[in-house]
Amino acid sequence: MKKTISCLLVLLVAFAVFANGAQEVKSDGPIKIGSIQDLSGSASNAGQPNAWGAEYAVKVINENGGINGRMIEIYTQDCKNDVTEGLNAYHKLVDEINVCAIIGPALSNPASAWVELAGEDQVPIVGHFMDEICTTNPDNGATYEYMFLCEPSCAQQAEDLAEYAIKELGSKKFAVLYNPSNAFAKAQTDPFVKYVVAQGLEVSANETFGWADKDYSAQALKIVASGADTVFLSDYLAQMVIAYDALRDAGFTGKVVGANTMAPPFANQVKNTVYDCYFLQNYDMLNPSVGNINELVTAHMQATGTTSPQVNVGFGWDAVLVLTEAMKKAKDPTDGAELASLIAQTKDLELSGGVKITMNASHRTDTMGMYIATYDADKNMVIVGYEKVE
Amino acid sequence: MTSSGLSSHQHKINMWLQLLINGICLGAVYALIAVGFAIVFSVLKFSNFAHGGMISACAFMGYFFQARFKTAPPIWVTIIVTALCGVVFALFLDMIAYKSIRKHKSPNIYYFLASLTISIIITSILNVFFSKNPLAFPMIFKTTTFSVGSLKVSKMDTMILVISVVILVALMFLINKTKIGLAMRAVAINPDTSKLMGINSSLILVMIFSIAGSLAGVSGVLLGCKYGVYPDLGQTMMVKGFIASVIGGLGSLGGAIAAAFLLGIIEMFWTFLFGSLSTPVMTFVVMLLFLFVRPQGISGKFAKEKV
């Protein structure tokens, strides 16, 4: 009997020592985070630099000692701008690899499918999915506790641009041309129209096109006939190019304002002369004294052989920065609930563009505005302003 | 009076004329695709959906051919080179996909399935390597439009229109006025009997695929110049080409061209009057109406000959 009790005690002590040791190993081991990006598919041009930016940020953080001495391991998955692929990627990261947080993509479509899951699994997701439905429940207005946006939302960006057009460009009569089936386009166009109308101005034409449409000349003719002096465009690059050319071909000589997809290579894609074109930009890449975005873009170009600067590297970098700042403050940087609570308290954190981010109650930011850019006669992008609607 | 000095009535007339011109231009784009579609159907009696994928692939070939040069070669050089690439590509696809179907004398549904599969494979492969951001051909024209009175006409669309018409006339001449054309028509009616008449029907089929391939090459470059080059370019345009060839009468080149222009004009006016969102519905309703009321399409000539 004594022998049995002695054996049990030895086993108990051994188990306690082993369990304690295992816990110590766990708390000193690498911190696993995931990154779900559009590495292929329709948005790979945005997703690839985004993924690179996140991985580069992790590399730099690890080289500088990691999070309180713990290294970060980043596992990148491809969501192909597809909701199902995005869900598969999410489950692989959370259920198989056991990541404690995820860097989300720049597109809202896949991210919108994780809003409930992230809450159930207590896995914070930080990214640039700027459609409000990714951070706020559209049915009841509640904030998704585990979703965090690191740039101005769609509505904020649209309002910034509308404000600039009204105040700086003197626009009086607007028209919009967009694809209502494109969530990104709709999420910007609706608040743009709302803001313009709220300022007592007229939206004289509200024209649409579909995914399969390749000719917008009928819509452009209607816009010209409506007498609008400014047209708002919001869509992906291919559609923006067709829309711009259709407008100019139809004889529209007014101002064209649009989403950040109007950034280079837009000016080289359109067939008409680019003039009176104003669009949103997250970063002022032309100013080397602002933040480290130039450094990131250059490093990306050197590492990948990309010939044109890709601002999305800044997105990946910024999202990792917001997440890891919370990790540094956490008692347990792998505890999703604690991380979410700390990310929500992010205050005055300087991002790669030199602008500071503070999270608001909706897990978005009120502190960041948008740069307004245009093209000069040589098709070079020029930053002409910085706008933030209070 | 409007700001342009025209009366309201004149302004309205101008608007309708402008829509008509734009519709014709859009029709020219559809016609270019419909011809490639119809030529295969006219002989092989199946809708070659691989044509859409081939257009996309050829657009990339044309783009990368141009990109090889510091100073871009004239567009006609690119068109010819890409058309030749299209021929080689079409023959390759025939070899790997259609030849064995022919050999086993399998039903036409196999052709249809093979063509659909090829199209999806081509587009998927392109999607792996290229994003949806379009690649741009160098500018062909310094300005995009020219004026006819107060109306504006797209130079690119005019070029597509002219090329479509030239291709149609050349094809019509080939089919109706040459011995090869006679052989094509004979193979279209009955390949086995044609063989007994001394016609090398295999060679004729190779020629048909070569013509379709060259048309895919021409379409790829022209559509790439107009809309930019991206993986889904041919696929999305293919639907309109298919509708045009159904309305025109499957297998009828002239019918397909006429229907393509009709489709372009109707689409333009419909979009202007009722918005773009209902346009696809209208397009398919028109196609269904033709299938119910006049299944042989606008022309129906080829169908009668076959009967």
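Residue positions are given per chain, counting from 1 as you read along its sequence in written order. Following the order in which they are written, the chains are lettered starting with A and the ligands numbered starting with 1. Local features are withheld for residues below a pLDDT of 70 in this predicted model, meaning they are given only at 70 or higher, and side-chain atom pairs are given and counted only at 80 or more; totals for whole chains, interfaces and linings count all residues.

> Before we move on, can you summarise the overall build of chain A with the specific residues and values?
Along the backbone of chain A there are 13 helices and 14 strands. Along the first, second and third principal axes, the C-alpha atoms of chain A reach 100 × 45 × 35 Å. Every C-beta atom is placed from the backbone, and the number of other C-beta atoms within 10 Å of a residue's own sets its class: buried at 20 or more, exposed at 12 or fewer, partly exposed in between. Burial status across chain A gives 54% buried among its 390 residues. Each helix is a run of DSSP H or I of at least 4 residues and each strand a run of E of at least 2, with the numbering of both proceeding from the N terminus.

> Tell me about the overall build of chain B, residues and numbers included.
When helices and strands are tallied, chain B shows twelve helices and two strands. We compute the radius of gyration over the C-alpha atoms and compare it with the globule rule, which gives 2.2 Å times the number of residues raised to the power 0.38. The C-alpha atoms of chain B give a radius of gyration of 20 Å, which matches the 19 Å a tight globule of 307 residues would have. The dimensions of chain B, computed from C-alpha atoms along their principal axes, are 70 × 50 × 35 Å. With 307 residues in all, chain B has 47% of them scored as buried. The contact criterion used is a C-beta to C-beta distance within 7 Å, with each C-beta placed from the backbone. Long-range contacts, defined here as pairs at least 24 residues apart, represent 77% of the contacts in chain B between residues at least 6 apart.

> Hey, could you go over the sheet that holds strand β9 (residues 255-258) of chain A for me, with residue numbers and the actual values?
All names here are of chain A. Sheet architecture is open: seven strands sit in the order β7-β6-β8-β9-β10-β13-β14, paired in mixed fashion. Two strands lie at the open edges of the sheet, namely β7 (202-208) and β14 (381-387), each paired on one side alone. Pairwise comparison of adjacent strand axes, ignoring direction, gives a mean angle of 25° for this sheet. Together, β6 (173-178), β7 and β8 (230-234) form the strand contacts of helix α7 (residues 183-198), whose direction differs from that of β6 by roughly 165°. The criterion for strand pairing is that DSSP finds at least two bridges linking the strands in question. Inter-axis angles, ranging from 0 to 180 degrees, are taken between N-to-C directions of lines fitted to C-alpha atoms, where helices are fitted over the stretch in contact.

> Can you explain the sheet that holds strand β4 (residues 125-127) of chain A? Please cite residues and give values.
Residue and element names in this part refer to chain A. Read across the sheet, five strands follow the order β2-β1-β3-β4-β5 without closing on themselves; strand pairing throughout is parallel. The outermost strands of the open sheet, each flanked by one partner alone, are β2 (72-78) and β5 (147-149). Sheet twist, expressed as the average angle between the axes of neighbouring strands with direction ignored, equals 25°. Pairing geometry for strand β1 (residues 31-37) and β2, over seven bridges, is parallel. Among the inter-strand pairings, Q37 is bridged to a residue of β2, identified as D78. Against the sheet, helix α12 (residues 312-329) contacts β1, β3 (101-103), β4 and β5, and its axis sits at roughly 160° relative to β3.

> If you had to explain the interface of chain A and chain B to someone new, which residues and values would you point to?
Contacts between the two partners involve 30 residues from chain A, matched on the other side by 30 residues from chain B. Each residue is assigned to one of three groups, with Ala, Val, Leu, Ile, Met, Phe, Trp, Tyr, Cys and Pro labelled nonpolar, Asp, Glu, Lys and Arg labelled charged, and all others, Gly among them, labelled polar. Residues of the side of chain A that touches chain B, tallied by class, amount to ten nonpolar, 13 polar and seven charged.

> Could you give an account of the confidence of the model for chain A, with specific residues and numbers?
Residues and elements named next belong to chain A. Per-residue confidence from the predictor is reported as pLDDT, a score between 0 and 100. A residue-level look at chain A finds 93% of positions with pLDDT of 70 or above and a mean pLDDT of 90. When mean pLDDT is compared element by element in chain A, β9 scores highest at 98, while helix α1 (residues 2-28) scores lowest at 52. Every residue in residues 17-26 is under pLDDT 50, and counting partners more than four places away or in other chains gives zero contacts.

> Explain the packing of helix α2 (residues 50-67) of chain B against helix α8 (residues 201-227) of chain B to me, and be specific about the residues and the numbers.
Residue and element names in this part refer to chain B. Where α2 contacts α8, the two axes come as close as 7 Å, and the packing angle between them is 60°. By the criterion of interaxial angle, the relationship of α2 to α8 is oblique. In terms of crossing hand, the pair formed by α2 and α8 is right-handed. Facing H51, M54, I55, C58, A59, G62 and Y63 of α2, the residues of α8 in contact are A212, G213, A216, G217, S219, G220, V221, L223 and G224. Of the residues that constitute the contact of α2 with α8, the class distribution is nine nonpolar, seven polar and no charged. Roughly parallel refers to an angle under 35 degrees, roughly antiparallel to one over 145, roughly perpendicular to one between 65 and 115, and oblique to any angle outside these ranges. Crossings are classed by handedness, with left-handed meaning an anticlockwise turn of the near helix from the far one by less than a right angle and right-handed meaning a clockwise turn.

> Can you explain the environment of P134 of chain B? Please cite residues and give values.
Following the sequence through the fold, P134 of chain B ends up in the loop between α4 (108-129) and β1 (145-148). Residues P134 of chain B and D232 of chain B, spaced 98 residues apart in sequence, show a C-alpha to C-alpha distance of 10.0 Å.

> Before we move on, could you go through the nonpolar core and cite the residues and values that matter?
For this analysis, nonpolar core means a set of buried Ala, Val, Leu, Ile, Met, Phe, Trp, Tyr and Cys residues linked through C-beta atoms within 7 Å. Core analysis: the biggest nonpolar cluster contains 214 residues, and L323 of chain A together with A34, V35 and I208 of chain B have the highest contact counts within it. In terms of residues, this core owes the most to one element, helix α1 (residues 8-44) of chain B, which gives 18 residues. Discounting residues that sit within four places of it in the chain, V35 of chain B has contacts with S164, I167, L168, L171, L215, L253, A256 and I257 of chain B.

> Summarise helix α5 (residues 155-177) of chain B; cite the residues concerned and give the values.
All names here are of chain B. An ideal rise of 1.5 Å per residue puts 33 Å on 23 residues; α5 measures up with 32 Å between its terminal C-alpha atoms. For α5, the complete set of buried residues consists of M156, D157, I160, L161, S164, I167, L171 and I175. Looking at the buried side of α5, the elements it contacts are α1, β2 (151-154), α6 (179-189), α8 and α10 (253-274). One fewer than the residue count of a helix, multiplied by 1.5 Å, yields its expected span.

> Now, about the packing of α6 of chain B against α8 of chain B: what can you tell me, with residues and values included?
Two numbers describe a pair of packed helices, the interaxial angle and the distance between the axes. Residue and element names in this part refer to chain B. Look at α6 against α8: their axes get within 10 Å of each other, and the N-to-C directions meet at 105°. Between α6 and α8, the crossing angle belongs to the class labelled roughly perpendicular. Residues I180, A183, M184 and V187 of α6 pack against S201, I204, M207 and I208 of α8. When the residues that make up the contact of α6 with α8 are grouped by side-chain class, the tally is seven nonpolar, one polar and no charged.

> Can you break down helix α3 (residues 75-103) of chain B residue by residue, with the values?
All names here are of chain B. Here α3 contains 29 residues, and its C-alpha end-to-end distance of 39 Å stays within 8% of the 42 Å for a straight helix at 1.5 Å per residue. Think of it this way: the bend at a residue is just the angle between two axes, each fitted to seven residues, one set ending at that residue and the other starting at it. At M95, α3 shows its largest bend, some 50°. For α3, the complete set of buried residues consists of T78, I79, T82, A83, C85, G86, V87, F89, A90, L93, D94 and Y98. Looking one or two residues beyond α3, the residue adopting positive phi is K105, at roughly 50°.

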